[in-house]
Amino acid sequence: MNEAESGAGHHFVPFVSPSRNSWLFHFDASPLCGYTQRMVLEVTKYGHPVLREKGKRVERVTPEIRELAASMLETMRAEDGVGLAAQQVGHALMLTVIDVSSSERPSQLLIDGESLDIKTSMPLVLLNPRLSKPVGVQVASEGCLSIPEVNAEIRRAEKVTVRATGLDGKELVFDCTGLLARAAQHEVDHLNGILFVDRMDAATRVSLAGKLKKMQKETLARLAKTAKSRRTLVRS
């Protein structure tokens, strides 16, 4: 999910706190805190088959999963996004990252009814997330890093409950509202092969049909060209 924001790159490490919020993560530039390899990945574009794949459950938090999560955070920030799903970097896994801390759009994150500070609660790394207890309605503009230059008014629940696993392997449960709730719904859709264009009203889908068809055609052409180049390298 895209939203204009800024943020410097940092090393991603788990933040362990003695409080009940010990599942939260933060960025720490200190090398003494350890280092997880990360890089900016290519974002898959509309028309790529992986965007329609339902993610596989992440059964174990391996070094590879940590590296992928760190690279996804790096990529999300480089692309000025507020959320990114594993499918958007070519992996059909139940893994998403979210950071709404730099957005001016309001958000709320609550645990046991207590509201936490959004800026210190971000970023979130969610494994196998599930949503429940949708409440209310919000209609607002939404976009997607995998579908550039396309925005539309999308209807979402105003509040949802998120249940997921953190990189520490522990279950985390929280309620969220506003942009955070929208981002959570957008990203969980991605994990199930659903795109925000699927939730547009009929008139909007019709108006964007030509643009989306062109984007899909260009993506498939690039994939075919890449596959041909790989076959040539193998033969050589």
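Here the structure is a predicted model, which is why all the values come from computation and not from measurement.

A few points about the environment of leucine 95
- Checked against the element boundaries, leucine 95 lands in strand β4 (residues 95-98).
- Placed 38 residues apart in sequence, leucine 95 and arginine 57 show a C-alpha to C-alpha distance of 8.3 Å.
- If we ignore the near neighbours within four places in the chain, the residues touching leucine 95 are Leu68, Ala69, Met72, Leu84, Ala85, Ala86, Val125, Leu126, Leu127 and Leu191.

A few points about the side chain of glutamate 142
- Along the chain, glutamate 142 falls in strand β8 (residues 138-144).
- For glutamate 142, the side chain forms a polar contact with the side chain of arginine 182, separated by 2.4 Å.
- With residues near it in sequence (within four places) discarded, glutamate 142 still touches Met1, Val150, Asn151, Ala152, Ile154, Arg156, Arg182, His186 and Phe196.

Quick word on helix α3 (residues 178-191)
- An ideal rise of 1.5 Å per residue puts 20 Å on 14 residues; α3 measures up with 20 Å between its terminal C-alpha atoms.
- The buried fraction of α3 is high, at 14 of 14 residues.
- Looking one or two residues past α3, glycine 193 carries a phi angle of roughly 75 degrees, positive in sign.

Points about the nonpolar core
- Val100, Leu109, Phe174 and Leu180 are the most contacted members of the largest nonpolar core, which has 23 residues in total.
- Of all hydrophobic cores here, the second largest spans 18 residues; its members include Leu41, Leu68, Leu84 and Leu167.

Thoughts on the side chain of serine 101
- Checked against the element boundaries, serine 101 lands in the loop between β4 and β5 (107-111).
- Residue classification places serine 101 among the buried positions, given a relative accessible area of 13%.
- Only 2.6 Å separates the side chain of serine 101 from the side chain of aspartate 99, close enough to count as a polar contact.
- The contacts of serine 101, once residues within four sequence positions are left out, are Ile118, Lys119 and Met122.

Remarks on the pairing of strand β10 (residues 159-165)
- With 5 bridges joining them, strand β7 (residues 124-135) and β10 adopt antiparallel strand pairing. Paired with serine 132 across the two strands is threonine 161, which belongs to β10.
- When β10 meets strand β11 (residues 171-177), the two strands line up antiparallel, connected through 7 bridges. Note that in β11 the partner of threonine 161 across the bridge is aspartate 175.
- Linking two consecutive strands that pair antiparallel, namely β10 and β11, is a turn of 5 residues; a positive phi of about 85 degrees is found at glycine 169 within it.

Some words on the pattern of salt bridges
- With the rule as written, the count across this model stands at 9 salt bridges.
- Close ionic contact of arginine 156 with glutamate 142 constitutes a salt bridge, the shortest N to O distance being 2.6 Å. One end of the pair, arginine 156, is in strand β9 (residues 147-156); the other, glutamate 142, is in strand β8, with 14 residues separating them in the sequence. We note that arginine 156, like glutamate 142, is buried.
- Here arginine 163 and glutamate 171 are joined by a salt bridge, their closest N and O atoms 3.4 Å apart.
- On the accessibility criterion, arginine 163 (34% relative accessible area) is partly exposed.
- With a relative accessible area of 52%, glutamate 171 lands in the exposed category.

Scoring rules and cut-offs
- Residues numbered from 1 in each chain as written.
- Predicted model: local features only at pLDDT ≥ 70, side-chain atom pairs only at ≥ 80, totals over all residues.
- Heavy atoms only, no water.
- Helix = DSSP H or I, 4+ residues; strand = E, 2+ residues; numbered from the N terminus.
- Contact = heavy atoms within 4.5 Å.
- Polar contact = N/O pair within 3.5 Å; in protein donor to acceptor, adjacent residues only side chain to side chain.
- Expected span 1.5 Å × (residues − 1).
- Buried < 20%, exposed > 50% of the residue type's maximum accessible area, 1.4 Å probe, protein only.
- Core = buried A, V, L, I, M, F, W, Y, C linked by side-chain atoms within 4.5 Å.
- Pairing = 2+ DSSP bridges.
- Salt bridge = Lys/Arg side-chain N within 4 Å of Asp/Glu carboxyl O.

By themselves, these are just geometric observations and shouldn't be taken as functional.
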